[in-house]
Amino acid sequence: MAKKAERDNLHQYECGPYRFADSVHVDNYDRHLCFDHIVLPKKASQRERFEAVSRSLRDLLAQRWILTEQTYEKKNPKRVYYLSMEFLIGRTLVNNMINLGVENYVQEDLQSDPNLNWSEVVESEPDAGLGNGGLGRLAACFIDSLATLQIPAIGYGLRYDYGIFNQMIENGYQSEQPDHWLAHPDPWEVAQPSETIGVPLGCSFRLQNGVLRAIPGNSSRLLGVPYDRPVVGYGGRTINTLRLWRADSPDFFDFGEFSSGDFVGAIVGRMLAETVTRVLYPDDSTMEGQALRFVQEYFLVCCSLGDIVFRFRRTNSDWNLLSDKVAIQLNDTHPAMAVAEMMRILLDEAGLGWEDAWKQTINTLAYTNHTLLPEALEKWPVRFFELVCPRLLNIIYEINRRFLEEVRQNYPGDEARVSRMSIVDDSPTQQVRMANLAIVGTHSTNGVAQIHSELLRTQVVSDFAELFPERFNNKTNGVTPRRWLLSANPELASLITKSIDDVWITELNELNRLRPLAEDSGFQAEFMKAKQASKLRFASWLKETTGRIIDPNTIYDSQIKRIHEYKRQLLNVLHIVMLYRRLKDEPGLDLPQRTFFFAGKAAPAYRLAKLIIKLINNVGQVIDSDPGVNEKIKVVFLSNYNVSLAERLIPATDVSEQISTAGYEASGTGNMKFMMNGAVTIGTRDGATIEMAEEAGEDNIFLFGLTASQVADSRGWYDPRWHYENEPEIQAAIDLISNDHFSREEPGIFGPICEMLLTQGDYFMHLADLTSYANTQKQVGELYDDTNAWARMAILNVASSGKFSSDRTIAEYATDIWRVTPCSVD
């Protein structure tokens, strides 16, 4: 209780003329509503009210934000700089209210506005279009934990005008629409034009015959304009910064061309500059899209390292102290050019010799790997470097020359190894291997789950792990419990706090104290009541927003993640088709009622993934139209998956689908969110699911299928047709798909899926695991019928989720990799 009292006091300290207990004073809110929008409060829209509330809250935290930065400059601690192409932060208003501890005060103050609809105010804030998948959501959780743990840190990313895309479903197909999340002013960002960074380019661009072409050798420049967002740690003591870069041109337009009548040519420079940060993940199926992606990564690195060095030099005069004061984490290979850019700064600007510069670069930089898919390890054509950043290419060549000398000294005569480890791949065309550059140029390479780190070390980059064993380590991912439990699931959060106090909010291991309550019938009843409240709330929201009606008394079974073959949404669909056929063959079959939810986006150029979305929707339509089946099962594809949707569905979910091919999922973080919200997992032994089973006990998770080693060992002889020919249910399910049972109006459209499964080798082994998966799903349904047994298992999962807090992960990074300590803001 002493800790609780201490935390309560955090919300009462003075912050200039305001106290947190004063919250968003009504006068302040009215002032923003009136003067920012020139509108009478009673006539303001809910969106205008959202902006007024947000700006009032930003006023409240502004002085603490300034004080945080002043403290860092005064105390000069070692700082963390987190570089990521994605920050999937979701919505900001409610998260900041909760972390500041003022949500009750805000809503009390705003009761005086009779025209304010709080739910509409919250809904008027779009999800920030700054990320797409797990990598970006992890970065968002990490910066939350950095601030909560009072670690001096800045996140660096790009300020995309448009998110990846808004997903629409038309006739079952995914279509992509622009995600203009900045259509309205964002009240949380603060432009800092006085801190703009210049980014040199080795070429210029001209509009020739209507086509934008690179002009080699004619150097030019971009500008990186920073936009800062507050990152509020829980309790409000530390407010760190997320700095996002927007690309701009040094000149608004060419006045000579404009005067001569070439209006398009006059502004082409600015058009090009703004294109750099126009959209998250341009289509990389074209050379133009790849080139834009390359420039985005170079732009992020140049801007961020320029800013980092400026901050370092503001309080330090000795370049040799750089690694004592600066820790830079590269979130995947996207910012790997930081190795060469840091060397350029230290060689060309600081004037250090090569050895000293290399020592500082390695000791300053660290790299997180997020994938085991070789095709996802970035390679960039040397030609891109020659055009855009030739100086960095010269440095990479020299790094590679020296590194290969070291390899040859350690492994004389092994030219095959030298070829594998070379940073520059000479065949068939010269490319720079960004993962190799990241490993060679940093002091730490970490995976994000125990199995991922092991497979990375022993299979994907085993040559590097053998040469640099001390550099490789594991940091299992985590998620912030503030957003994913305290905010997303108020009923369960309230029950937990009532049972064990609220210390769990910042010390998630305290959830272990729930273990004895898993046997308590009274607690079980309250737990299931909280789950049902979440299910009812989700069903109500779905009906209001889409018109779809679902039964909250069914099992909510959810697979929500990026659509990809290795994540195996297709395995889930094949099982549903098997259930459909069973119900058709035996109408009175006793099956527990279940609603299957899918959500996720497919890359626009990933045709098979988009076809899987179409299959999910078509199967759902056929089931919906069949009264003999739709009473038992229902399939719902939720379009435009984002953080806000996940915050609604995860608390309501009973069964979490984590069914990737073993050995291919690096970690996963959705699995952790489901676990701490009381869902029971059905999954393969892959990613962090293995560690979840270790924490909860394998008898409290439904595991099935091949292990990673079994997948690897069966590569040479696996034949999916054996399963088709020898397992009747599998054959019947595939035949229903191939015979157009789910595509009467579009015959043959699912042919590529059947070909992938039967004639192209079923690389991700859907058919190898399908029978095991179906049998395990049967066990899931049988247990759900026993309410007490199900509640016990679900509670034990919540109680075992303490390890998977991003606070724990960040504490490990801080101790083992960055060697930083908290810096309290007085």
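Look up a bit, the structure's there.
Attention here is on the structure that accompanies the text. Every value quoted in this text rests on a predicted model; they were computed, and no experiment measured them.

The rules behind the values
- Residues numbered from 1 in each chain as written.
- Predicted model: local features only at pLDDT ≥ 70, side-chain atom pairs only at ≥ 80, totals over all residues.
- Heavy atoms only, no water.
- Helix = DSSP H or I, 4+ residues; strand = E, 2+ residues; numbered from the N terminus.
- Polar contact = N/O pair within 3.5 Å; in protein donor to acceptor, adjacent residues only side chain to side chain.
- Contact = heavy atoms within 4.5 Å.
- Core = buried A, V, L, I, M, F, W, Y, C linked by side-chain atoms within 4.5 Å.
- Buried < 20%, exposed > 50% of the residue type's maximum accessible area, 1.4 Å probe, protein only.
- Disulfide = S-S within 2.5 Å.

Considerations on the side chain of R49
In this structure, R49 sits in helix 3 (residues 46-75). Side-chain polar atoms of R49 contact the backbone oxygen of P41, separated by 2.5 Å. With sequence-adjacent residues up to four places away left out, R49 is seen in contact with Y29, L33, P41, K42, A44, D113, N115, L116 and V121.

Details of the nonpolar core
Nonpolar side chains tend to gather and get buried jointly when the protein is soluble and globular. The biggest cluster of nonpolar side chains holds 245 residues, and the ones touching the most others in it are I328, F385, I399, W504, F538 and W818. It is helix 10 (residues 287-315) that provides the largest number of residues to this core, a total of twelve residues. Dropping the residues within four chain positions of it, I399 is found in contact with V339, M343, W354, W358, I423, L437 and V440. Formed by 24 residues, the second largest nonpolar core is a distinct cluster that contains L57, L61, V102 and I239.

Things to note about unusual backbone geometry
Going from S427 to P428, the amide bond is cis rather than trans, its omega being -10°. Here R568, not a glycine, exhibits a phi torsion of approximately 65°, which is positive. Relative to the elements of secondary structure, R568 occurs in the loop between strand 18 (555-560) and helix 23 (569-585). Classification of R568 as buried rests on a relative accessible area of 0%. Of note in the backbone geometry, D740 takes a positive phi value of approximately 70° without being a glycine. Structurally, D740 is set in the loop between helix 30 (728-738) and helix 31 (751-758).

Section: the state of the cysteines
Disulfides are covalent bonds that connect the sulfur atoms of two cysteines. Under the definition given, this model contains zero disulfides. Of all cysteine sulfurs in the structure, the one in C303 sits closest to C302, which takes part in no disulfide; the separation is 6.9 Å. The class for C302 is buried, based on a relative accessible area of 5%.

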